[in-house]
Each structure stands twice: as structure tokens, then as C-alpha cells.
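Listed below are the residues making up each chain.
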Amino acid sequence: MEVFNYLVFPGFLFATVAGLLTWWLDRKVTARVQYRVGPPWYQTFADVVKLMGKEVLIPENARKTGFLLAPIVALSASALVATMIGVFNMNWSAGFVGDIIVFWYILTIPSIMLILGAAASGGPLSSVGSSREIKMLLAYEVPFIIVITMIIFKADTLSFGGIIKYQAGHGPILYSVSGVIGFIVALLCVQAKLGLVPFDAPEAETELGGGILYDYSGAALGAFKLAKAMLFYTLPIFMISLFWGGVQIGNGLGILWAVLKYLLIIVLITLIRNTNPRLRIDQIMKFFWGKLTLLAIVAFILSVLGI
Amino acid sequence: MGLKTAALKKSIWVFHVACSPCNNCDIEILDLLTPRFDVERFGIILVGSPRHADALLITGVCNRHVTPRLIETYRATAKPCVCFLFGACSCQGNVFKGGYNVPRLIDEIILEEDPNAIIVYIPGCPPKPEAMIAGVVKALSVL
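Criteria and cut-off values
Residues numbered from 1 in each chain as written. Chains lettered and ligands numbered in written order. Predicted model: local features only at pLDDT ≥ 70, side-chain atom pairs only at ≥ 80, totals over all residues. Helix = DSSP H or I, 4+ residues; strand = E, 2+ residues; numbered from the N terminus. Rg over C-alpha atoms; globule rule 2.2 N^0.38 Å. Pairing = 2+ DSSP bridges. Contact = placed C-beta atoms within 7 Å. Axes fitted to C-alpha atoms, helices over the stretch in contact; angles between N-to-C directions. Nonpolar A, V, L, I, M, F, W, Y, C, P; charged D, E, K, R; others polar. pLDDT = per-residue confidence, 0-100. Parallel < 35°, antiparallel > 145°, perpendicular 65-115°, else oblique. Buried ≥ 20, exposed ≤ 12 C-beta atoms within 10 Å, placed from the backbone. Expected span 1.5 Å × (residues − 1).

**Student:** So what about the overall build of chain B? Which residues, and what values?
**Tutor:** A count of helical and extended segments in chain B gives 6 helices and 5 strands. Moving toward the C terminus, one meets the helices and strands of chain B in the order α-β-α-β-β-α-β-α-α-β-α. For 143 residues, the compact-globule estimate of 2.2 N^0.38 gives 15 Å, and the C-alpha radius of gyration of chain B, at 14 Å, lies within 12% of that figure. Based on the C-alpha atoms only, the size of chain B along its principal axes is roughly 45 × 30 × 25 Å.

**Student:** Got a sec to walk through the sheet that holds strand S1 (residues 13-18) of chain B? Specific residues and values, please.
**Tutor:** Residues and elements named next belong to chain B. Strand order across the open sheet formed by 5 strands is S2-S1-S3-S4-S5, with parallel pairing between neighbours. Unpaired on one side and paired on the other, strand S2 (45-46) and strand S5 (118-122) mark the two borders of the sheet. Both strand S4 (residues 82-86) and S5 contribute to a ladder of 5 bridges, which runs parallel. Residue Phe86 lies in a different strand from S5, and its bridge partner there is Ile122. Sheet strands touched by helix H5 (residues 106-113): strand S3 (55-59), S4 and S5. Its angle to S4, the strand with the most contacts, is close to 165°.

**Student:** Go over the interface of chain A and chain B with me, naming the residues and quoting the values.
**Tutor:** With 26 residues of chain A in contact, the opposing surface of chain B contributes 19 residues. Of all the secondary structure elements, the ones that give two or more residues to the side of chain A that touches chain B are helix H3 (43-52) and helix H9 (218-243) of chain A. Looking at the side of chain A that touches chain B, its residues break down into 10 nonpolar, 9 polar and 7 charged.

**Student:** Hey, could you go over the confidence of the model for chain B for me, with residue numbers and the actual values?
**Tutor:** This prediction gives chain B a mean pLDDT of 86; 99% of its residues lie at or above 70. At the level of individual helices and strands, chain B shows its lowest average pLDDT in helix H1 (residues 3-10) of chain B, which scores 82, and its highest in S3(B), which scores 90.

**Student:** Account for the packing of helix H2 (residues 12-33) of chain A against H3(A), with residues named and values stated.
**Tutor:** All names here are of chain A. Packing of H2 against H3 brings their axes to within 8 Å, and their N-to-C directions diverge by 120°. Between H2 and H3, the interaxial angle falls into the category oblique. Contacts from Leu20, Trp23, Trp24 and Arg27 of H2 reach H3 at Gln43, Thr44, Phe45 and Val48.

**Student:** Any chance you could break down the pairing of S3(B) for me, citing the residues and the numbers?
**Tutor:** All names here are of chain B. Taken across its 5 residues, S3 has 5 buried, putting it largely inside the fold. Here S3 shows two buried faces, one formed by Ala55, Leu57 and Thr59 and the other by Leu56 and Ile58. Where S3 lies against S4, 5 bridges are found, and the strand directions are parallel. What sits directly across from Ala55, in S4, is Val82.

**Student:** Can you explain unusual backbone geometry? Please cite residues and give values.
**Tutor:** A cis amide bond links A:Val197 to the next residue, A:Pro198, at an omega of 0°. Here A:Pro198 is to be found in the loop between helix H8 (177-193) and H9. Between B:Lys79 and B:Pro80 the backbone carries a cis peptide bond, its omega angle lying at 5°. Among the secondary structure elements, B:Pro80 is positioned in the loop between helix H3 (66-76) and S4.

**Student:** So what about helix H5 (residues 99-121) of chain A? Which residues, and what values?
**Tutor:** Along an α-helix, a turn takes 3.6 residues, which lines up residues three or four apart on a common side. Taking 1.5 Å per residue as the helical rise, H5(A) with its 23 residues ought to reach 33 Å, and the 34 Å between its terminal C-alpha atoms agrees with that figure. Positive phi shows up at A:Gly122, right after H5(A), with a value of about 75°.

**Student:** Explain the packing of H3(A) against H9(A) to me, and be specific about the residues and the numbers.
**Tutor:** Residue and element names in this part refer to chain A. Between H3 and H9, whose axes approach to 7 Å, the crossing angle comes to 145°. Seen from H3, the contacting residues are Thr44, Val48, Leu51 and Met52; seen from H9, they are Gly218, Ala219, Leu221, Gly222, Lys225, Leu226 and Ala229. For the contact of H3 with H9, the residue count by class is 7 nonpolar, 3 polar and 1 charged.

Next comes the structure, spelled out in C-alpha cells:
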């Protein structure tokens, strides 16, 4: 059963399909915002299949093992977190004490693997990208942890299933002032975790030509793209579970509501990405350590006061 | 036709190699990404790194300084890849042919590096965006 969960549903296969469709939705909405037609629905599938079939070039001064291992670890970490979130949403008592902390650190593994892989490739543009990714990781984790702590205090439990159960009894955390502030902070942190504009300084297509992914090609690049697509599916579900009552499968129209919430979050992320220019890395750090950390602390205090 | 080729035909990522062009062709290339032509409909996007690319879009004449860089870029591209020679200059040298700074034409340089390279010529000064799309269709039919 665990193997089935990990490989098929809700793990690797399901997360891949859902993530690629989400990625396509993002591209399509972007195209419509720019008055273009946009790609057909199978576009992201074609991209990934094509990348899997291409040659993997290894740069001359790269460290081969680290360079090739990084995408595999990133991909399996994304699949693992997708599996855990899916299983714990279906069965609230399946978790263990402190699994929300495990989520938090598995969610950072894809970023860390990007840093390691880019550093191992030995290219100048990759190095700049990886140094920026390190800074951004340090920046956005601070408000993200504060918001998660706020939720843990509010639900008075360290388990993921417990938080969803609390929301089933007391109403979603989002429907309070502290919840709304926390949701905004978490949404911007998710934007940075996915590396989308305005927080795409490490990738920076027009400036670094791909940045952290610059030296990757073929199947290795495809694995990174897949890992990112899976995170694109996982992180909104994570947000829904923490703030908006989770995916309540047994509850009549629960799945329909979950899909609508999911689409709303995706479209919000896409619109933020299409209406903002890229920030410099120092502006990103100021933004996360200054304004957003302050907002997160305000949300925390409000939630302690019970508002 | 295998799955790989089918996927490749639906998703061509292009890297733009500017070998000292006059910028006229480059502006025509940008037109392809605008709402009027929107080549993302066919899965064609511009990427920033030759390692991600399936196609090299080469504009301009190749002078002595650019030649080693062009060869390096071709080596850095993951195979299979297609070379589009965009504009009269890159196809046959245009008015610069035989000039002191144009020792060889671009197709000669690429064929010397890789005899099996797929090269598509898109003539014109500059070619229309429609000509570019027609060139891509022709290249895809031989893949």
C-alpha cells in the first residue's frame, strides 16, 4: 500500500500529472494576460518527455556525482512530500507527532539540491544563481516558519491531521484576521519557494540565462522541471490544508470545493507573477526579513489574542 | 515516429546566437513572440542557455572573433538539435561575402564541427516572421 501511495496515488504519478497540468494552467493564464493564445494542454507533458529523451551534457569542470545526484534527490523529495500531504489529507490519523516539521524540512530539500547541483556544475552563471538561491532560502524561511508556528499554536497540535481536524471543528483558520494576514505571508513565501517572478532572481532568464539551471540539460533538467511542477501542485494543497480546511474527501462536495480553492490559489500566484517585475536579491531579503516578518509576527500576536 | 521525436516536434526551445548581426533579423525574431504570431502556441519558446536548447537561431555573418564562440555554443547544445540560419547574411554572407573579416560562412563552420548537423536556411533581409514559421515546419518534417 505504501509503495502504491508513493508511486501512483497520491504520490509520484498523480503529482506529476497534476503538477504538469498546473504548470500548463500557469502558462496559459500568462499568455491570456498578454493577449496571446498560449500553449495547448499537452505542452508541459511534451516538454518533459522531450527533455527526458535528450543528451545530458556534463560540463568540463563539474563534479559529476553531485551534479547528477541533485536532480534525483530533488525529484524524490517532491514526490515524498506530495505523497505525505495526500495520504494525511485522506486519513487524518495517519500522521505522527511533529509531521508538520518534517513537511517543512522536506519542502526545503528541492531548493537545497538546486544549490548543490548548481555549485557542483562549476559554471560562473550557476554559481551566481546558487548564491542567490541560498540568500533567498534564508530570507523566505523566516516568515514561513513564524506563520507555521502561528498555526501550530492556534490548533494546539504538532500533527498535520490534527490541524485539519481542528479546522473541521472550529472553522478554517483563514476566516479570522490573523488567518488572512498569515495566508498572505504564506502565499508570498510559496511564490518564492517556486522561484516565480518577482522572486526569480536565482533563475533570472533574461539576466543569468537560467541561473541555477544554466548548466543542466536533458534528463537532469527534466527531473528538476518535474520536481518544480510537483511542488507547484503540492504547495497550494499544503496551503489549503493549513489555512482552508484541507481536502475533505468524505464530505459530499468536498473535492469540488478543494479544486476551486486550489484553482483560486494558482490563479492568484500566476497574477502576482504577471503583474510584478523581478526584485533584486537585496530587495528580496529586505522584503522578507523586514515587512513580511513583521506581518507574520503581527499575525502571531493577533492569533494569541484570539482574533 | 517514436514518442521522443513526437515530443520534440511539439516543444522546440530556441537559443538565439547573435553572430554580429545588424539587429534587423533580431527584431523580426522578437515579433514571433508577440500576440500576433505567438509561437508559444506550437511550443516554441526562447531560452537563455544553449544547454536547454533544441534549436540554435543564428543571425549575422560570422567574423574571426565570433567563430570559436559559435563552435563552443554548438558543442554546448544538447543533441539532437537543429540550426536555423536566419537571414541572408548567415545563409550566404550577403554583401559581406568575401570581406577581409568573413573568412568562412556559418554553414561551413558548423558542418566542419559536426558533419551530420541539420541546417535550415531562411533567406531574406530580414525574413518575415511567416518565413521563419515555414522554416521551422520544414525542419520538423525532416526530423
